[in-house]
Each structure stands twice: as C-alpha cells, then as structure tokens.
Amino acid sequence: MDEASPAFCRVFASKLRERTGRTWSAPSKAPQRPGFYVVPEYGLDPLNWPEGRLAGVELLTPPLPLEEAETIRTEHCEVIYEIDGDFNFFASEHTDGCGWHINIDAGDGFRLDPDRFILGVDELLLLANNDRLFSRYTGLQRHAVGVPLLRHLAQDPKGKFLLGTALRNLLDATAGRDKGYAANFAKLLKGYVELRHFSAESFFNGPHLIEQLERIPAAFEVWPAHSHPFEQAFRRKFLLLSRWLARTRNKLTWDLTHGLVAASGRVHFAGEPLGHLKADGLLELNLYGHGEYEYVATIRNIVLSDIPEAIALLALDLAELHNFGVRQRASSNKAFQRAMLQLAGQLRKVPGLSSSAQLEELAKAETLRRAMHPQFYTKAGP
C-alpha cells in the first residue's frame with residue numbers, strides 16, 4: 001500500500017501554512033504533543049485513484065472549543081478547494097471510505113463515561129445518516145455490550161439484577177475499546193474519546209459542527225441523577241429483544257468449514273440461508289441481501305457461541321432502521337424478514353424508545369443541569 005512520503009507531507013503543510021497562517025508542520029515521527037500536523041494516512045491507497053492523485057494525508061489539530069473548531073473546518077474547506085478543486089467534496093467510490101474523526105476531550109473535572117454515551121446517543125441513526133453503518137471501523141457500541149447483556153437476560157428474564165448501578169457497571173466493563181468501533185473508548189487512557197461516525201462528505205458539506213454532533217457532549221454531561229429515562233428505555237429495549245431471541249433461537253443453525261486462511265460457513269434461519277460467517281479466532285457475520293455478495297447488516301468481533309445474540313442485535317438494527325424510515329435492503333431470508341418486522345412493530349408500541357424521545361430527554365437533562373449549575377455553561381474550555 002502506497003503512503004504519502006515525508007516530502008509530500010511537508011509540501012502540503014507548507015501550502016496550509018501559507019494559506020491559513022497557522023503552524024502546520026509534517027513531523028517525521030508520530031507527534032508527541034498537540035498541534036497542527038500533516039501525517040500520512042495509510043488507509044488511503046491511491047492505487048485506483050484518478051490519474052494525477054499521488055497520496056492521501058491526515059490533518060491533525062489540537063483540542064479546540066467547538067466554535068473555533070468550526071472556524072478551522074471552514075478554513076480547511078476553502079484551502080482544500082483552492083489546492084485540489086472539488087474532488088474531496090462529493091461522495092464517490094474514491095471518497096466513500098474517508099472519514100472525519102472528532103475527538104472529544106473531557107477537560108478538567110469532567111468524565112467521558114462509556115455508559116453515558118451508550119445510553120444517551122443514537123449511534124445507529126448517526127451512522128446511517130453519514131453512510132458509515134456496518135463498516136469495518138465503525139461498529140456500534142451496543143454490538144459490544146449487547147452480547148453479554150442478552151446472555152445476562154437469558155438468566156435474568158426481568159432484568160431485576162440490572163437495577164441501580166448494575167447496568168452501568170456492565171456497560172462500562174464491556175464497552176468497545178478499539179478502532180473497530182465508531183466510538184473508540186481505548187482513547188480514554190489519553191483523556192479523550194475518538195468518534196469515527198462522520199463521513200468526509202459531512203466535513204465538506206454538512207451543517208455546523210455542533211449540529212452534527214447531535215448532542216453527544218450533552219449525553220456525556222447527563223448526571224446519574226437525571227439518567228433514569230435513558231436507563232429505563234435501554235433496559236426495556238433489551239428486555240423486548242431478549243424475548244424475541246427466546247422465541248427465535250430454535251430457528252437458528254450454523255456451520256463452519258476449514259479454509260486456507262480462515263474458516264467460513266453459513267447461518268440458517270428456519271432452514272434457509274441467512275448470512276455468511278468468516279472465522280479467524282473471532283467471527284464476522286454478514287446477513288445476505290438479495291443480490292450476489294450483497295450484505296444488509298454486519299457484526300464483527302464475536303465468538304462462535306455468540307451467534308444467536310449477534311443475530312438478535314442485527315435484527316434490532318434493521319428493525320430500528322425500518323422504524324426510522326431509513327431505506328435499507330431487505331434480507332433474502334423471508335422468515336427472518338418477517339420476524340424482524342414483527343420486532344419493529346413491537347418496538348413502536350413501547351413508549352420512550354424512539355430516537356426523538358431520547359433527544360427530548362437529553363434536552364430535559366440539559367435544561368435541569370443548566371438551571372442547577374449555570375456556571376458550567378459559561379466556563380471556557382475545550
């Protein structure tokens with residue numbers, strides 16, 4: 001895979017300095033302190049790019065207040081257009097794999113607890129709106145926490161052992177902490193969380209940064225005293241999903257065969273093919289669409305015994321996308337498609353489970369916090 005050379009990065013940094021007046025540089029080694037840097041992006045391979053395009057780079061900025069970050073974003077758009085035209089501004093086969101990573105820094109005296117994010121952020125809709133859903137590097141946090149949670153509910157059908165702090169403890173312990181997740185909580189060791197939900201197109205053409213974040217900072221600010229509606233909705237959703245899985249578990253079968261590199265196989269639902277399995281220690285499961293090599297949903301980093309729970313989580317994803325009105329290709333397995341639509345109907349009947357209800361509760365929690373601690377909202381900082 002071809003990477004941008006140090007000389008290429010230095011030239012680009014020089015152009016950015018000239019046009020913005022900021023201290024852009026191209027370090028030869030990984031930067032050790034925050035700053036404005038141009039570094040090679042190994043994930044951007046120019047092999048199949050249009051003629052004349054040499055390499056891809058990543059632009060790093062230091063922690064910034066949201067308004068200043070928005071100013072620099074606008075500045076970047078103008079400079080990139082001046083240097084490279086509109087190639088980067090529109091979705092294409094060359095730019096679809098590119099992303100805009102936003103790091104949230106806790107600042108002094110605040111916390112970025114995984115459970116607050118998992119309970120208060122609708123990742124599914126955010127990823128769908130950015131065309132980043134089911135990609136290799138943007139897994140949902142509930143894919144990480146959902147398997148152990150469903151296993152727990154199989155033994156605790158009413159969730160009575162998930163009251164108080166128990167649910168939060170489970171979520172914190174099982175949250176996804178690597179680059180396979182759109183919210184990468186491994187970065188908490190460095191004091192921030194990395195958000196990988198946003199597309200390159202949203203960087204160039206999307207609304208204001210604050211609007212795009214869709215209240216993610218507000219979710220991190222919800223105090224435990226105000227979190228009951230989020231915990232209650234999350235618990236209700238998974239109790240419903242656990243009952244759905246109990247009814248459908250006996251319809252699931254799967255097989256694996258050894259391969260030269262990794263094992264592969266199929267999952268069946270009601271005797272018909274449902275999805276493809278690839279196993280190399282951990283499993284990747286893709287649900288079939290109607291076209292050849294067409295997949296409608298994916299979950300990664302599961303183990304063999306997790307397959308029923310993984311299927312349930314993908315059914316939940318597809319059911320909620322259906323309820324959101326997001327156009328999604330249908331599963332080729334008709335029995336599974338019917339079962340998924342039944343799940344969607346059950347979700348609609350339970351109050352408080354919608355994305356809009358979640359946003360309303362976030363707004364209430366934010367209003368309460370502002371009334372009780374107005375100095376927080378006037379504090380300067382990242």
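Note that the coordinates shown come from a computational prediction; the quantities given were computed from them, not determined experimentally. (Residues numbered from 1 in each chain as written. Predicted model: local features only at pLDDT ≥ 70, side-chain atom pairs only at ≥ 80, totals over all residues. Heavy atoms only, no water.)

Draft legend 1. Representation of a nonpolar patch on the surface within the structure. A grouping of W254, L256 and L304 is seen on the molecular surface, where their side chains present a nonpolar patch of about 240 Å² in accessible area. Structurally, L256 is set in strand β6 (residues 252-257). What makes L256 partly exposed here is its relative accessible area of 32%. (Patch = residues over 30% accessible without salt bridge, like charges linked within 9 Å, V, L, I, M, F, W, Y side chains within 5 Å. Areas by Shrake-Rupley, 256 points an atom, 1.4 Å probe, with all protein chains shown as cover. Salt bridge = Lys/Arg side-chain N within 4 Å of Asp/Glu carboxyl O. Helix = DSSP H or I, 4+ residues; strand = E, 2+ residues; numbered from the N terminus. Buried < 20%, exposed > 50% of the residue type's maximum accessible area, 1.4 Å probe, protein only.)

Draft legend 2. Representation of the sheet that holds strand β8 (residues 272-280). Reading across from one edge, β6-β7-β8-β9-β10 is the order of the 5 strands in this open sheet, with antiparallel pairing throughout. One side of each edge strand has no neighbouring strand; the edge strands of this open sheet are β6 and β10 (295-302). Geometrically, the sheet is characterised by an average inter-axis angle of 20 degrees between neighbouring strands, direction not taken into account. Of the pairings in the sheet, the one linking strand β7 (residues 263-269) to β8 comprises 7 bridges and is antiparallel in character. Residue pairing for β8: S264 is matched across the bridge by K278. (Pairing = 2+ DSSP bridges. Axes fitted to C-alpha atoms, helices over the stretch in contact; angles between N-to-C directions.)

Draft legend 3. Representation of helix α6 (residues 166-174) within the structure. Among all positions in α6, only L167, R168, L170 and L171 are buried. Each buried residue of α6 lies within a common arc of 160 degrees when the element is viewed along its axis, so the set occupies one face. At its buried positions, α6 is contacted by α3 (114-120), α5 (141-155) and α10 (228-248). (Arc of directions from axis to C-beta. Contact = heavy atoms within 4.5 Å.)

Draft legend 4. Quick peek at the pattern of salt bridges. Per the stated rule, a full pass over the model turns up 18 salt bridges. Where R19 meets E82, a salt bridge forms, and the shortest distance between an N and an O atom there is 3.1 Å. Here the residue R19 occupies a position in helix α1 (residues 6-20), and E82 occupies one in helix α2 (residues 66-84), the gap between them amounting to 63 residues. You can call R19 partly exposed: its relative accessible area is 32%. E284 is the partner of R136 in a salt bridge, and the nearest nitrogen-oxygen pair spans 3.1 Å. A residue pair is termed long-range when its members are at least 10 positions apart, and R136 in the loop between α4 (123-129) and α5 and E284 in strand β9 (residues 282-288) qualify at 148 residues. Taking relative accessible area as the criterion, E284 reaches 12% and is therefore assigned buried.

Draft legend 5. Examining the pairing of β8 more closely. Where β7 folds back on β8, the antiparallel hairpin that results is connected by 2 residues, among which A270 adopts a positive phi of roughly 55 degrees. Across 6 bridges, the pairing between β8 and β9 is antiparallel. Opposite A279, over in β9, you have L283 as the bridge partner. Taken together, β8 and the strand that follows it, β9, pair antiparallel across an intervening segment of 1 residue, in which G281 is found at a positive phi of about 90 degrees.

Draft legend 6. Focus on a negative patch on the surface. Where like charges cluster on the molecular surface, the negative patch consists of E93, D96, D131 and E201. Considering the arrangement of structural elements, one finds D96 in the loop between α2 and β3 (99-105). By relative accessible area, which is 42% here, D96 ends up partly exposed. (Lys, Arg positive; Asp, Glu negative; His and termini not counted. Charge placed at Lys NZ, Arg CZ, Asp CG, Glu CD.)

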